[in-house]
Amino acid sequence: MSNIDVGGITIAPGERKRLEIPVARLPTQTMVSLPVTVVNGIQDGPRLWLSAAIHGDEINGVEIIRQVLEKIKPNSLQGTLIAVPIVNVFGFIEQSRYLPDRRDLNRSFPGSPRGSLASRLAYLFMKEIVSRCTHGIDLHTASDHRTNLPQIRANLDDAETYRCAQAFAAPLLMHATIRDGSLRQAATQQGIPVLLYEAGEALRFDDKAIEVGVEGIMRVMGRLGMVQWERSQTSMTPVEVTESRWIRASHSGIVHLKVALGQRVQKKQLLCFITDAFGETSFKTYAPCEGLVISHTQNPLVSQGDGMLHLAVLGN
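None of the values given here were measured: they were computed from a predicted structure.

> What exactly am I supposed to notice about the overall build of the protein chain here?
Tallying secondary structure elements over the protein chain gives 6 helices and 19 strands in all. Computed over its C-alpha atoms, the radius of gyration of the protein chain comes to 21 Å, within 12% of the 20 Å expected for a compact globule of 316 residues. Computed over 33 positive and 31 negative side-chain charges, the inter-centroid distance for the protein chain is 2 Å.

> Is there a simple way to explain the pattern of salt bridges in this structure?
Opposite charge on two side chains makes pairing possible when the charged atoms of those side chains draw close. Evaluation of the coordinates by the stated rule reveals 11 salt bridges. Note that Glu 128 is salt-bridged to Arg 132, the shortest N-O span being 3.4 Å. In this structure, Glu 215 engages Arg 219 in a salt bridge whose closest nitrogen and oxygen atoms are separated by 3.8 Å. Residue Glu 215 and its partner Arg 219 are located together in helix H6 (residues 207-223), separated by 4 residues, close to a single helical turn. For Glu 215, a relative accessible area of 23% corresponds to the partly exposed category. Arg 219 sits in the buried class, given a relative accessible area of 7%. Among the charged side chains, a network of salt bridges with common partners joins Glu 63, Arg 66 and Glu 70.

> Hey, could you run me through the sheet that holds strand E13 (residues 253-257) in this one?
Within a beta sheet, neighbouring strands are joined by backbone hydrogen bonds and run either parallel or antiparallel to one another. Strand order in the open sheet formed by 4 strands is E16-E15-E13-E18, and the pairing between neighbours is antiparallel. Strand pairing shows two members of the sheet lacking a second neighbour, strand E16 (282-286) and strand E18 (301-302), which therefore form its edges. When E13 meets E18, the two strands line up antiparallel, connected through 2 bridges. Its bridge partner being in E18, Ile 254 is matched across the sheet by Leu 301.

> I'm lost on the pairing of strand E4 (residues 31-40) in this one. Help?
Look at any regular strand and the pattern is simple: side chains alternate between the two faces of the sheet. The element E4 is largely enclosed, with a buried count of 9 among its 10 residues. Hairpin geometry of strand E3 (residues 16-25) and E4 is characterised by an intervening segment of 5 residues between the two adjacent antiparallel strands and by a positive phi of about 75 degrees at Gln 29.

> Please explain the side chain of His 135 as it appears in this structure.
One can find His 135 in strand E7 (residues 135-140). A relative accessible area of 10% means that His 135 is categorised as buried. A distance of 2.8 Å separates a polar atom in the side chain of His 135 from a polar atom in the side chain of Thr 134. Discounting residues that sit within four places of it in the chain, His 135 has contacts with Pro 46, Arg 47, Leu 48, Trp 49, Glu 160, Cys 164, Ile 192, Pro 193 and Leu 224.

> Before we go on, may I ask you to explain H6 in this structure?
Given 3.6 residues per turn, any residue in an α-helix points the same way as the ones three and four places further on. With 17 residues, H6 should cover 24 Å at 1.5 Å per step; its first-to-last C-alpha distance of 24 Å lies within 8% of that length. Of all the positions in H6, only Ala 209, Ile 210, Val 212, Gly 213, Val 214, Gly 216, Ile 217, Met 218, Arg 219, Val 220 and Met 221 are classed as buried. Between the side-chain oxygen of the N-cap and the backbone nitrogen of Lys 208 there are 3.1 Å, and the N-cap of H6 in question is Asp 206. One or two positions beyond H6, positive phi appears at Gly 225, with a value near 80 degrees.

> Please explain the packing of helix H1 (residues 60-71) against H6 as it appears in this structure.
For any two helices packed against each other, the geometry comes down to the angle between their axes and how far apart the axes lie. Running from N to C, H1 and H6 cross one another at 45 degrees; their axes reach a closest spacing of 9 Å. Considering their axes alone, H1 and H6 lie oblique with respect to each other. In the packing of H1 onto H6, the handedness of the crossing is right-handed. Where H1 approaches H6, its residues Asn 60, Glu 63, Ile 64, Gln 67, Val 68 and Lys 71 are matched on the opposing element by Ala 209, Ile 210, Gly 213, Val 214, Ile 217 and Met 218. The residue makeup of the contact of H1 with H6, split by class, is 7 nonpolar, 3 polar and 2 charged.

> Just checking my understanding: could you explain the packing of aromatic side chains for this structure?
What characterises a pair of aromatic rings is the spacing of the ring centres plus the angle enclosed by the ring planes. What the rule picks out here adds up to 3 aromatic pairs. Look at Trp 49 and Phe 125: their rings are 6.2 Å apart centre to centre, the planes differ by 85 degrees, and that puts the pair in the edge-to-face class. On the criterion of sequence distance, the pair formed by Trp 49 in strand E5 (residues 43-52) and Phe 125 in helix H3 (residues 117-128) is long-range, its members being 76 residues apart. The residues Trp 49 and Phe 125 share a single accessibility class, namely buried. Measuring from ring centre to ring centre gives 5.1 Å for Phe 168 and Tyr 197, while their planes differ by 35 degrees; the resulting arrangement is tilted.

> Please clarify how helix H4 (residues 159-168) should be interpreted in this entry.
Three or more residues of H4 are buried, namely Thr 161, Cys 164, Ala 165, Ala 167 and Phe 168. The arc that holds the buried residues of H4, viewed along the axis, is 160 degrees, so those residues lie on one side.

> Which parts of the structure should I look at to understand the state of the cysteines?
Such a bond, covalent and formed between the sulfur atoms of two cysteines, is termed a disulfide. For the structure shown, the criterion picks out 0 disulfides. In this structure Cys 133 is a free cysteine whose sulfur lies 13 Å from that of Cys 164, the closest cysteine sulfur available. For Cys 164, a relative accessible area of 4% corresponds to the buried category.

What counts and how
- Residues numbered from 1 in each chain as written.
- Predicted model: local features only at pLDDT ≥ 70, side-chain atom pairs only at ≥ 80, totals over all residues.
- Heavy atoms only, no water.
- Helix = DSSP H or I, 4+ residues; strand = E, 2+ residues; numbered from the N terminus.
- Rg over C-alpha atoms; globule rule 2.2 N^0.38 Å.
- Lys, Arg positive; Asp, Glu negative; His and termini not counted.
- Charge placed at Lys NZ, Arg CZ, Asp CG, Glu CD.
- Salt bridge = Lys/Arg side-chain N within 4 Å of Asp/Glu carboxyl O.
- Buried < 20%, exposed > 50% of the residue type's maximum accessible area, 1.4 Å probe, protein only.
- Pairing = 2+ DSSP bridges.
- Polar contact = N/O pair within 3.5 Å; in protein donor to acceptor, adjacent residues only side chain to side chain.
- Contact = heavy atoms within 4.5 Å.
- Expected span 1.5 Å × (residues − 1).
- Axes fitted to C-alpha atoms, helices over the stretch in contact; angles between N-to-C directions.
- Parallel < 35°, antiparallel > 145°, perpendicular 65-115°, else oblique.
- Left-handed = near helix turned anticlockwise from the far one by under 90°.
- Nonpolar A, V, L, I, M, F, W, Y, C, P; charged D, E, K, R; others polar.
- Phe/Tyr/Trp six-rings, centres within 6.5 Å; stacked < 30°, edge-to-face > 60°.
- Arc of directions from axis to C-beta.
- Disulfide = S-S within 2.5 Å.

Geometry only, nothing functional implied.
Below, the structure written as structure tokens:
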């Protein structure tokens, strides 16, 4: 096993180190740094990164990484784990999805050392973290007052990515196209398999989402031969899908959901109805296809065109 250098710090085999990689100064001249924990095993193996809070208000992943790190010991690890629980430190402090200039960090990769703050942070992450890894898992939640069923989004056409996605064993595996400027796109272009885990909602801990995330990461590390980890007997066989559809509000008003997260629905099943504040009008919405509810709004107030539910398509 060899040393690994991250942020100018050398981590020897069998060592665990907590690093602070400088990012930028606040107007007060206080330095803001990228927090990183590196666990370097005693034997050669894959190098896996875990990242969370690329969107600063998505905090489930922060707790997932904390719990995973509690389980990992250098003297029983094969390979290297690089954990970055808070990538968007600026947004995390402000409880905001974005950076101070309102840029979305996950649309700023691979970044530039001379670009915007988002671009510089993306470049730093690619240089110090991604370039040193063979695999990656990026942790997210829903946004905009929505909640997500625990799910993996990935390129399921890639054999190694699919192998890791199956090992994670989230309730849903979705073949997802790559968004321009995303971390997953930038890492994939470097030939690195990446899983994107979506679960829960912003600024809330979701115990189930956290549990599925921790177990999933440990199973992936087991599949990669990094740790000894057996799949839980309570784990379900994931549903695999290639298409999803947003169900949008036909009218403005107050939405009353008639289905739950994770529920299978049949074509033409009632999904919700929208009323005005006085209950004088009502507009019903039915499922356009057989599907699985993978996300829904948590805010009952909707405007025409708002996304109310997200269905994974199971049939026509």
